[in-house]
Each structure stands twice: as C-alpha cells, then as structure tokens.
Amino acid sequence: MKQRGMVLLGVLVLLAVLAALGAQIGMRWADERARDDEEELLFVGEQYRAAIESYWRSSPGGVRQFPAQLDDLLADKRFPTPRRHLRKLYRDPVAPERPWAEIRLGNGIVGVHSQSEAEPFRRSGFTLRQARFAEAQRHADWAFSAVTGPASAASAPAFVPPPARSASNPFLPPRSPRRHLP
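This one's a predicted model, so the numbers in the text were calculated from it and none came from an experiment.

Asks: I'm lost on the overall build of the chain in this one. Help?
Replies: Helix and strand counts for the chain come out as one helix and three strands. Of the regular secondary structure in the chain, the N- to C-terminal order runs α-β-β-β. For the chain, contacts bridging at least 24 residues in sequence account for 49% of all contacts bridging at least 6. Accessible surface computed for the chain: about 12,100 Å², of which carbon and sulfur atoms make up 59%.

Asks: Sorry if this is basic, but what is going on with the packing of aromatic side chains here?
Replies: In this description, a pair of aromatic rings is defined by centroid distance and the angle of the planes. Evaluation of the coordinates by the stated rule reveals seven aromatic pairs. Aromatic side chains Phe126 and Phe133 sit 5.7 Å apart centroid to centroid with 80 degrees between the ring planes, which places their arrangement in the edge-to-face category. With respect to burial, Phe126 and Phe133 carry one shared label: buried. If you follow Arg64 out to its NZ or CZ, it ends over the ring of Trp56, 4.7 Å from the centre. Arg122 extends its terminal NZ or CZ atom over the ring of Phe126, reaching a point 4.9 Å from the ring centre.

Asks: Any chance you could explain the sheet that holds strand β3 (residues 143-145) here in plain terms?
Replies: Sheets are built from strands paired through backbone hydrogen bonds, the pairs being either parallel or antiparallel. Strand order in the open sheet made by the three strands is β1-β2-β3, with antiparallel pairing throughout. Edge positions in the sheet fall to β1 (101-105) and β3, since each of these pairs with one other strand and no more. Put simply, the sheet's adjacent strands are angled 35 degrees from each other on average, direction ignored. Pairing of strand β2 (residues 108-113) with β3 involves three bridges; the strand directions are antiparallel.

Asks: Sorry if this is basic, but what is going on with the pairing of β2 here?
Replies: Counting buried positions along β2 yields five of six residues, so the element is predominantly enclosed. Where β1 and β2 come together, five bridges link them in antiparallel fashion. If you follow Leu105 over to β2, its bridge partner there is Gly108. Hairpin connection, β1 to β2: the antiparallel pair is bridged by two residues, and Gly106 has positive phi, about 65 degrees.

Asks: Whenever I open this one, empty space enclosed by the protein confuses me. Can you help?
Replies: Gaps left between atoms show up when a probe the size of a water molecule is rolled over them. Evaluated as defined, the whole model comprises one cavity of 30 Å³ or more. Of the volumes computed, that of the largest cavity is approximately 30 Å³. If you go around the largest cavity, the residues you meet are Glu46, Arg49, Arg129, Gln130, Arg132, Phe133, Ala143, Phe144 and Ser145. Looking at the lining of the largest cavity, the elements that each hand over two or more residues are α1 (2-57) and β3. With three residues, β3 is the single largest residue contributor to the lining of the largest cavity. For the lining of the largest cavity, the residue count by class is three nonpolar, two polar and four charged.

The rules behind these values
Along each chain, the written sequence defines residue order, and numbers are assigned to residues from 1. Local features are withheld for residues below a pLDDT of 70 in this predicted model, meaning they are given only at 70 or higher, and side-chain atom pairs are given and counted only at 80 or more; totals for whole chains, interfaces and linings count all residues. As a rule here, side-chain values cover all heavy atoms of the structure and leave hydrogens and water aside. The numbering of helices and of strands both runs from the N terminus, where a helix is a DSSP run of H or I of at least 4 residues and a strand a run of E of at least 2. The contact criterion used is simple: two residues touch if any of their non-hydrogen atoms lie within 4.5 Å. What sets the accessible areas is the Shrake-Rupley method with a 1.4 Å probe; for residues, cover comes only from the shown protein chains. Any two rings among Phe, Tyr and Trp, with Trp reduced to its six-membered ring, count as a pair given centres within 6.5 Å; such a pair is stacked if its planes are under 30 degrees apart, edge-to-face if over 60, and tilted if neither. Exposed residues in this analysis have more than 50% of their type's maximum accessible area, buried residues have under 20%, and partly exposed residues fall in between, with area computed by a 1.4 Å probe over protein chains only. Whether a charge sits over a ring depends on NZ of Lys or CZ of Arg being within 6 Å of the ring centre and within 35 degrees of the ring normal. Paired strands are those between which DSSP finds at least two bridges. All axes here are fitted lines through C-alpha atoms, helices being fitted over the stretch that makes contact, and every angle between N-to-C directions spans 0 to 180 degrees. Lining residues are those with an atom within 4 Å of a point, where the points come from a 1 Å grid over the protein atoms alone and group into cavities, where a 1.4 Å probe fits but cannot get out, or pockets, open sets with protein on both sides within 12 Å along at least five of seven lines. Grid points are joined across faces, edges and corners, and a volume is the space filled by probe spheres set on the points. In this classification, the charged set is Asp, Glu, Lys and Arg, the nonpolar set is Ala, Val, Leu, Ile, Met, Phe, Trp, Tyr, Cys and Pro, and all remaining amino acids, among them Gly, are polar.

Put into structure tokens, the structure is as follows:
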C-alpha cells in the first residue's frame, strides 16, 4: 500500500514539472511569434511606405499626388497601362483581423499604421527613418509614412517635401553636379 502511494506521488510531481515546462515553452513560443510578427510589420510597413513614395514620384503631368486608396498602389490607373507600385495588399501581421489605419493628408494616403494596441518587444535596432519607433508605447505608434515631420499630421494643410535628398528621403531626385566655370 505504501509503495502505491509513493508511485502516485512521484507521478503527480512529474506531471506538475511537465506542466510547468509546457507553460514555460508556450510562453516563450508566444513571445517568439510576437517578435516575428513585429519583424514582418516592419517589412510590410516599409513596403507600403515605399509604394506610396513611388506613386507620388511617378505622378504624371508634374502634379504630385498621393493615392486616394490603397488599391491605387496595385493598379495606378493614371497611365494608359496601369503601373504597379505594390505587389499585393498585405495584411497587418500584428492585428490580422483589423485593416490598416490610413494616414491621410487631404484626400491622399501618405502612410499606414497598425491598429494593434499591444506593446512592442523591439526597442532598438531601427533604421534612421524608424528611429522614433524606439519610444513607441504600442504598435499603432509605428507609423510608416512617406511624409516626415510636422506635415505628417492628418491636420496638415499641405505636403512640403524636405529640401535635400538623403538615404531616408528619396522624394527629391539626386542633385546634379555643379559645373565650375573657368
């Protein structure tokens, strides 16, 4: 009788240890999944930002425009043969059940951001363009916008591109080399 009780106690202890290990592994797996989703969010957000910039840069007739809807990035019908600025409309990896929140300037979309209220894991290692993401309190604060600075606010009256081309701002064409006169 005493032996059966010890075996039963041993089995119960083993089950408790296995349950604790399973919970630990499950939590680590969930954290790793969230980190992977954040990486995908950074990639997809940059795809949208680059597509919006491409749409703006390729505006015909010298009048720069932002897309009125995200579908315009798939088939830019301002040309006789529609151009593609984005391969497909990506889902939001951290909030797949919700659509992207659009950042608008007038009637045009200048960027997107997630609608996730979850706190990001990543706090460093961002590109220069994404430097402000380090202080974000939630994924929704990670805005992927083709417009930077005060003009990116939805209430801004007009788009004003920054004065110089840099690695973080491809809006302006490269400067032509200066010619020295003799």
